[in-house]
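Spelled out from the first residue to the last, the chains are:
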Amino acid sequence: MGLFRARHPYVRFRRDRRGRVIEVGGALSKAERAKLRRLLAPLPIHQGEISIHTDRLGRTRLVFANIPDRYHQPVRNLIGNLSRL
């Protein structure tokens, strides 16, 4: 693993003057960022953050901040269907 690990992937929803902005960052390639942004765009989430963590056994853990409860399961399903996160 090494001393320095790449930053965990995250999705940040925020409001801008022009509308809603979906920021995807962390240790993802440009294609994976675009795919994740495209999958989450139809959800009507205006602000909040989703952090994606992976444990040693390869299980994906999601941490939601300021995301309504009714969107947790759809987000889990979308991220669970992606190949590498």
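Details of the structure are given in the entry above.
This section reports on the structure supplied with the text. (Residues numbered from 1 in each chain as written. Predicted model: local features only at pLDDT ≥ 70, side-chain atom pairs only at ≥ 80, totals over all residues. Heavy atoms only, no water.)

Take the pattern of salt bridges next. Enumeration according to the criterion identifies six salt bridges in this entry. One salt bridge connects Arg12 with Glu23, and the closest N-O pair in it is separated by 3.5 Å. Residue Arg12 is located in strand β1 (residues 10-16), and its partner Glu23 is located in strand β2 (residues 19-25); the two are separated by 11 residues in the primary sequence. For the salt bridge of Arg61 with Asp55, the shortest nitrogen-to-oxygen distance reads 3.8 Å. The exposure class assigned to Asp55 is partly exposed, which follows from its relative accessible area of 25%. A single network of salt bridges, built from pairs that share partners, joins Arg12, Arg14, Glu23 and Glu49. (Salt bridge = Lys/Arg side-chain N within 4 Å of Asp/Glu carboxyl O. Helix = DSSP H or I, 4+ residues; strand = E, 2+ residues; numbered from the N terminus. Buried < 20%, exposed > 50% of the residue type's maximum accessible area, 1.4 Å probe, protein only.)

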